[in-house]
Amino acid sequence: MTAGIRPATDTRKQAMLHPQVQAYWQEIDCGFQQVADVFEECLYEALSTFSREEIKAYLEAARVLGKLGRGPEPMLAFLEEWPSVATAIGGDVLPPVMGLVRAMQKSPNGNAIAPFLQTLAAVARRLQSAEQLQFYIDIAQDLMVRTTGSIHGHHTTFPSPGLPEFFARAPFLANMLSMAGVRNWVEYGVRHYGNHPERQTDYFKLQSADSRAVLQRERHGTLFADVERRLDLYLRALWRDSDQLVPYSTAFDELRKPIPYYDSLGLRVPDVLDDAHGPGGTVSGLDRYRAVLAHMVGHRRWSRPQIADNWSPFQRMAVECFEDCRIETLLIREYPGLRRIFLALHPKPVADACDPETTSCLRHRLAMLSRALIDPQHGYTDADLLEYARRFHELLADHAEAGTTEIADLALAYVAKTRRQSDQLAKVHFDDTVIDYRDDNRHLWQYIEDSDDEDFFDDPDKKNKKPSEVAGLPPRHYPEWDYQSQTYRPDWVSLYESLHPSGNPADIDRLLTKHAALAKRLKRLLDLLKPQDKVRIRYQEEGSELDLDVALRSLIDFKGGAMPDPRINMSHRTDGRDIQVLLLLDLSESLNQQAGGADNASGQTILELSQEAVSLLAWAIDCLGDPLAIAGFHSNTRHEVRYQHIKGFSERWDDTVKARLAAMAAGWSTRMGAALRHAGHYLSARKADKRILLLLTDGEPSDIDVADPESLRADAKKAVAELDTQGIATFCLSLDPKADEYVREIFGKRHLVLDRVARLPEKLPLLYMALTR
């Protein structure tokens, strides 16, 4: 007998004595006891799946894997998993699989063969085609070639750190992404961490922030980050609710998928939602978000907590079901269009799909009842269901103010009438019972006595705690350009925006008085820039004066019995400037330094001179009538870029704006790219012939978490190029005497270096006039 098969006493080894099984066992020429233990079961599965030729190829591949010198794991994984792979994929896919195995064996990556084969069946069940499986193999082979290290560049010596981790997480990736998304995810890891083994391992383990961010970017569906502001406006406009939206991840909790809920910190929603396709039609991810938020807002508005201590789990489930339907009925009364979304997302269980003799049908009955309560055309014929659907609608029709307590009484009556002994069975029917746009109803329950159930709900003592205050708006996430890999780092920078704090507006008035002589000279120049040409607009029903020609013609028509033209007025508009300008101020720590030069005898700081210059510029632009916005920025690593609004486009030059300008303070660093992109976000929404972003800075882009000075320069240059494509002209006024070394690289010819900083109050308004002439 072949080595490894002991003629012993247990029945498994005796079964190996069957002539046909023994013949196949000799073909694979294996001495591993672990393989012998499962060979017969694997063989019988293969015989029921493969033809004779395929069996021969199957056994030959197993024999090759057993001779690789990698132990029994590759051979075991292949024997057990390959029939499932062939069933899921179809076609002859064994050659490319074995080709990748041989390539790994010839390289230092032999330790990745077992993970590859162990996860291959799960990946195949997701891909469902030979072409997609080939795509997956090509991705893995490319990863192996590009991340396998060598000493002298000729012979590969070190195995790929990320390849085994990639195989281990391949089923999860295949479930979350298309193969194109997997390729992009792998490409990012190879480009950024190809020469850093530890970080590469963390990336392919999905443990690094980059890895998760790229995964989120490549996921299909509607990302919460892309529609956050639209949903916030939806809440405010339709539901008059302004609570914060807090996303939770659905990508990394595979054991138990979280569901929406709300608590004292905000409304918790998924970070991504796919379009839903069902018998009721297709519902977009955005509409799914709207349904989730509407349902939670309805609970916040109309639901009241109930004492849960004396109710059974069945009773609580029924109360939640009836209360959810009451809330949705009230929502539909307010906005009837919600019915279409709710019905398209709500499952419609088949009436006889659950066997009450062998299965607990509790969830099935409640799902049918829930459908019947919100769908007039439900089509169910169960007598109890129809009775309680009728009582539900009568209660809401006769008592418009019927609340949670009245609905709970109806739900308890339903439980008493419909409960069955089989509801206690361990086997539960789950098909078509999950209503995923509804929250978990933790808000419905209040506990009097301490119990284990309390761990699943908010601590009642939290009601006595003051909720935390969120300063400003939720962060906006911007990419950052990596000049080494020539790709974007997705969602790399978190930018927080807020209104600038206020100070004393009288301080700005004193600054303007100090520069009264300069203001007088600027006034004369401004008068020359003001549009002088006026264009008459005729045939207006309402206008600033009467158009005599048209009025006389209308009078003649009236006297002659014809219908007179009512457009007898005219108005005027100025035919001239159509300009929108945003002034972006660098408020980094270096502004606190004293300005050099003989002109600065008073020893003013750069910040104080900038304050004077911006005050004069804002006053001058107000005289011209051009729309102007002013904002400042500084940064404290990529996780905290602060963008502060000082003046909005629609705000006048008044004490409110002066007060913000008077409180200007400097600190932290200069992460310029994210601030430029955010300023461009506001300018791009303005309609004008000329849109100008004017940056006032005293140094090059820098931050404490970036060691390479070229990195943030390249990102700022990329941001300027992005603004150019949006029709926004960017101009930089630099107060750094050494700026010639880098400012031309970022802004091209659209820059000016001011060597004598003390002259900034004079030069800044003149620069604006030159740019907008």
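Residues numbered from 1 in each chain as written. Predicted model: local features only at pLDDT ≥ 70, side-chain atom pairs only at ≥ 80, totals over all residues. Heavy atoms only, no water.

Draft legend 1. Layout of the overall build of the protein. Assigned secondary structure in the protein consists of 29 helices and 22 strands. With 773 residues in all, the protein has 50% of them scored as buried. For the protein, the exposed surface amounts to about 37,700 Å²; the carbon and sulfur share of it is 50%. (Helix = DSSP H or I, 4+ residues; strand = E, 2+ residues; numbered from the N terminus. Buried < 20%, exposed > 50% of the residue type's maximum accessible area, 1.4 Å probe, protein only. Areas by Shrake-Rupley, 256 points an atom, 1.4 Å probe, with all protein chains shown as cover.)

Draft legend 2. Highlighting the packing of helix α14 (residues 224-239) against helix α15 (residues 285-302). One way to put it is that α14 packs onto α15 with a least axis distance of 10 Å and a crossing angle of 40 degrees. For the element pair α14 / α15, the angle class is oblique. In this structure, the crossing between α14 and α15 has a hand that is right-handed. In this structure, α14 uses Phe224, Val227, Arg230, Leu231, Tyr234, Leu235 and Trp239 to contact α15, whose residues at the interface are Leu286, Tyr289, Arg290, Leu293, Ala294, Val297 and Arg301. By residue class, the composition of the contact of α14 with α15 is 11 nonpolar, no polar and 3 charged. (Axes fitted to C-alpha atoms, helices over the stretch in contact; angles between N-to-C directions. Parallel < 35°, antiparallel > 145°, perpendicular 65-115°, else oblique. Left-handed = near helix turned anticlockwise from the far one by under 90°. Contact = heavy atoms within 4.5 Å. Nonpolar A, V, L, I, M, F, W, Y, C, P; charged D, E, K, R; others polar.)

Draft legend 3. A look at the pattern of salt bridges. On inspection of all chains with the given rule, the structure shows 43 salt bridges. The partner of Asp263 in a salt bridge is Arg268, with the nearest N and O atoms 3.2 Å apart. Of the two residues examined, Asp263 and Arg268, each falls in the buried class. Of the charged contacts, one joins Asp423 and Arg365 as a salt bridge, the two residues approaching to 2.9 Å between their closest N and O atoms. Taken together, the residues Asp423 in the loop between α20 (404-418) and β11 (445-446) and Arg365 in helix α18 (residues 362-374) connect sequence positions 58 residues apart. Judged by its relative accessible area of 9%, Arg365 is buried. When salt bridges with common partners are traced through the structure, they connect Asp142, Arg146, Glu187 and Arg191 into a single cluster. (Salt bridge = Lys/Arg side-chain N within 4 Å of Asp/Glu carboxyl O.)

Draft legend 4. The sheet that holds strand β13 (residues 487-499), seen in detail. The 8 strands lie next to each other as β12-β13-β19-β18-β17-β20-β21-β22, forming an open sheet whose pairing is mixed. The sheet is open, and its two borders are formed by β12 (476-482) and β22 (751-753), each paired with just one other strand. Ignoring which end each strand starts from, the neighbouring axes of this sheet average 25 degrees apart. As paired strands, strand β21 (residues 728-734) and β22 are joined by 3 bridges and run parallel to one another. (Pairing = 2+ DSSP bridges.)

Draft legend 5. Expanded view of unusual backbone geometry. Residue Arg240 is not a glycine yet carries a positive backbone phi of 55 degrees. Structurally, Arg240 can be placed in the loop between α14 and β4 (245-248). Judged by relative accessible area, which is 62%, Arg240 ranks as exposed. Phi angles above zero are rare outside glycine, and Thr637 is one such case at about 75 degrees. Tracing the chain through its elements places Thr637 in the loop between β18 (628-635) and β19 (641-647). A residue is classified by how much of its surface remains accessible, and Thr637, at 18% relative accessible area, is buried.

Draft legend 6. View of the packing of aromatic side chains. Counted under the stated rule, the structure contains 20 aromatic pairs. Aromatic side chains Phe78 and Trp82 sit 5.5 Å apart centroid to centroid with 20 degrees between the ring planes, which places their arrangement in the stacked category. Taken together, the residues span about one helical turn, with Phe78 and Trp82 both in helix α5 (residues 73-89) at a distance of 4 residues. Judged by its relative accessible area of 2%, Phe78 is buried. (Phe/Tyr/Trp six-rings, centres within 6.5 Å; stacked < 30°, edge-to-face > 60°.)

Draft legend 7. Up close: the state of the cysteines. Evaluation of the coordinates by the stated rule reveals 1 disulfide. The disulfide partner of Cys354 is Cys361, and the gap between their sulfur atoms is 2.0 Å. Between Cys354 and Cys361, the S-S torsion sits near -90 degrees, and that sign places the bridge as left-handed. (Disulfide = S-S within 2.5 Å.)

Draft legend 8. Inspection of helix α6 (residues 94-106) at higher detail. In this model α6 runs 18 Å from its N-terminal to its C-terminal C-alpha over 13 residues, within 8% of the 18 Å that 1.5 Å per residue would give. Here α6 has its buried residues at Leu94, Val97, Met98, Leu100, Val101, Ala103 and Met104. Contact partners of the buried residues in α6: α4 (52-66), α5, α7 (113-127), α8 (130-147) and α9 (163-168). (Expected span 1.5 Å × (residues − 1).)

Draft legend 9. Molecular detail of the sheet that holds strand β5 (residues 261-263). Spatially, β4-β6-β5 is the arrangement adopted by the 3 strands of the open sheet, whose pairing is mixed. Only two strands of the sheet have a single neighbouring strand rather than two, namely β4 and β5. Neighbour-to-neighbour, the strand axes of this sheet turn through a mean angle of 30 degrees, independent of strand direction. The pairing of β4 with strand β6 (residues 266-270) spans 4 bridges and is classified as parallel.

Draft legend 10. Up close: the nonpolar core. In this structure, Trp82, Phe116, Tyr136, Phe166, Phe167 and Trp185 are the most contacted members of the largest nonpolar core, which totals 75 residues. Sort the elements by how many residues they give to this core and α5 lands first, with 10 residues. Residue contacts for Phe167: discarding those within four places in its chain leaves Leu100, Met104, Ala112, Pro115, Phe116, Thr119, Tyr136 and Ala140. Counting residues in hydrophobic clusters, the runner-up holds 64 residues, among them Ile332, Leu338, Ala389 and Ile435. (Core = buried A, V, L, I, M, F, W, Y, C linked by side-chain atoms within 4.5 Å.)

Draft legend 11. Geometry of the pairing of β6. Of all 5 residues making up β6, 5 are buried, and the element is well covered by its neighbours. Sheet analysis places β5 next to β6, joined by 3 bridges and oriented antiparallel. Among the inter-strand pairings, Tyr262 is bridged to a residue of β6, identified as Leu267. Counted along the chain from β5 to the antiparallel partner β6, the turn is 2 residues long.

Draft legend 12. Up close: the pairing of β12. Where β12 and β13 come together, 6 bridges link them in antiparallel fashion. Note on β13: the bridge partner recorded for Trp481 is Tyr488. Hairpin connection, β12 to β13: the antiparallel pair is bridged by 4 residues, and Gln486 has positive phi, about 60 degrees.

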